Amino acid sequence: MSEPFVLVNRDGSIGVLTLNRPELLNAINVEMILAIESAFMELENDDSIRVVVVTGAGDKAFMAGGDIADLGSRDALAHYIEFAEIVHRTFRRFEISDKPNIAAINGYALGGGMEMILAMDIRLASDRARLGLTEINLGLFPGGGGTQRLPRQIPDCLAAELMMTGRHIPADLAATFGIVNRVVPHASLMDEAMNLARLIASKSPLVLKLMKRTIKDGADMPLAAGLAYERSMISLVLDSGDAHEGCAAFLEKRQPVFKGI
């Protein structure tokens, strides 16, 4: 029996997805991207899970992009229907999910691998990681959201250089550009990611949900509309039990017990 494309583990309130195709540096094909979507939906629908961490199997790659043999066999309509639409849908799911997610980038994050992390909330990189939108080297350009997300996250000139040259960049330069939050020693990557996940999971899941919606939805609005949206969302939060519990716990000098209501 073959190994599953994605491994799903639970550690208390943390769900861990491991991309599991190490013999091909966790490169994705249609079956694997569908497995990623299914595994993430499983954790999304699990009320006991508050944060999701994603990493790659093996010691070399988070995800080294698309399976080249698979990509090279495609024509336009089949690619649009069978692959590109599924990739966009799956990566977008991480972006709009109410549950915070963390990328633990343990090695190469190239092509679709980098496009996936661009859709994730928080990104921790091993000091061995290398990132890049390398599609131009194959006579392609980023088609998993890279042309849209990267220029929204870093200056246009840097995004253009990365996409037009197809170069890999080391993790420390990715952090300087703001593509990843920070770089940690390779041996401690998962410990750092899990500790961060536990800290976030200790907060109110309701407030995290509404805050994430405010951040993501507001980013697509003019400032005045975004501020109005923020006012309405924080007003909803103030009607929650968790907001009153947090304030009471502060005044009573104790740790809050958030219930997500």
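This write-up is about the structure you can find in this document. (Residues numbered from 1 in each chain as written. Predicted model: local features only at pLDDT ≥ 70, side-chain atom pairs only at ≥ 80, totals over all residues. Heavy atoms only, no water.)

Concerning the packing of aromatic side chains
Logical step 1: Enumeration over the complete set of coordinates arrives at one aromatic pair.
Logical step 2: Between the aromatic rings of Phe40 and Phe94, the centroid separation amounts to 4.1 Å while the plane-to-plane angle is 25°, which identifies the pairing as stacked. With Phe40 in helix α1 (residues 30-44) and Phe94 in helix α3 (residues 76-96), this pair connects stretches of sequence that are 54 residues apart. Exposure class is identical for Phe40 and Phe94. Each is buried. (Phe/Tyr/Trp six-rings, centres within 6.5 Å; stacked < 30°, edge-to-face > 60°. Helix = DSSP H or I, 4+ residues; strand = E, 2+ residues; numbered from the N terminus. Buried < 20%, exposed > 50% of the residue type's maximum accessible area, 1.4 Å probe, protein only.)

Some points on the pattern of salt bridges
Logical step 1: Summed over the entire model, instances satisfying the criterion amount to 14 salt bridges.
Logical step 2: In this structure, Arg89 engages Glu37 in a salt bridge whose closest nitrogen and oxygen atoms are separated by 2.7 Å. In this pair, Arg89 sits in helix α3 while Glu37 sits in helix α1, placing the two residues 52 residues apart along the sequence.
Logical step 3: When its relative accessible area of 40% is taken as the criterion, Arg89 is described as partly exposed.
Logical step 4: A salt bridge links Asp121 to Lys216; the shortest N-O distance between them is 3.8 Å. Here Asp121, found in the loop between α4 (112-118) and β7 (122-126), pairs with Lys216, found in helix α9 (residues 205-218); they are 95 residues apart in sequence, far enough to count as distant.
Logical step 5: Assessed through its relative accessible area of 23%, Asp121 is described here as partly exposed.
Logical step 6: We classify Lys216 as partly exposed; its relative accessible area is 29%.
Logical step 7: In this structure, a network of salt bridges that share partners links the residues Arg10, Glu42 and Asp46. (Salt bridge = Lys/Arg side-chain N within 4 Å of Asp/Glu carboxyl O.)

What to know about the sheet that holds strand β10 (residues 182-184)
Sheet strands associate in pairs through backbone hydrogen bonding, adopting either a parallel or an antiparallel arrangement.
Logical step 1: Taking strand neighbours across the sheet as the criterion, the six strands line up as β1-β2-β3-β5-β7-β10 in an open arrangement whose pairing is mixed. The two strands at the open ends of the sheet, each matched to only one other strand, are β1 (6-11) and β10. Within this sheet the neighbouring strands show an average axis-to-axis angle of 25°, counted without direction.
Logical step 2: Two elements, β1 and strand β2 (residues 14-19), share six bridges in a ladder whose sense is antiparallel. The partner of Leu7 across the bridge, within β2, is Thr18. (Pairing = 2+ DSSP bridges. Axes fitted to C-alpha atoms, helices over the stretch in contact; angles between N-to-C directions.)

Some details on the side chain of Glu44
Logical step 1: By the secondary structure assignment, Glu44 is in helix α1.
Logical step 2: A distance of 2.9 Å separates the side chain of Glu44 from the side chain of Ser97, its partner in a polar contact.
Logical step 3: Here Glu44 is in contact with Arg93, Ser97 and Lys99, once residues within four sequence places are set aside. (Polar contact = N/O pair within 3.5 Å; in protein donor to acceptor, adjacent residues only side chain to side chain. Contact = heavy atoms within 4.5 Å.)

Some points on unusual backbone geometry
Logical step 1: Positioned with a positive phi, Leu25 is a non-glycine residue whose angle comes to about 55°.
Logical step 2: Relative to the elements of secondary structure, Leu25 occurs in the loop between β2 and α1.
Logical step 3: In this structure Leu25 comes out as partly exposed when scored by relative accessible area, which is 28%.
Logical step 4: One non-glycine residue, Lys253, lies in positive phi territory at about 55°.
Logical step 5: With respect to the helices and strands, the residue Lys253 is situated in the segment after α11 (241-251).

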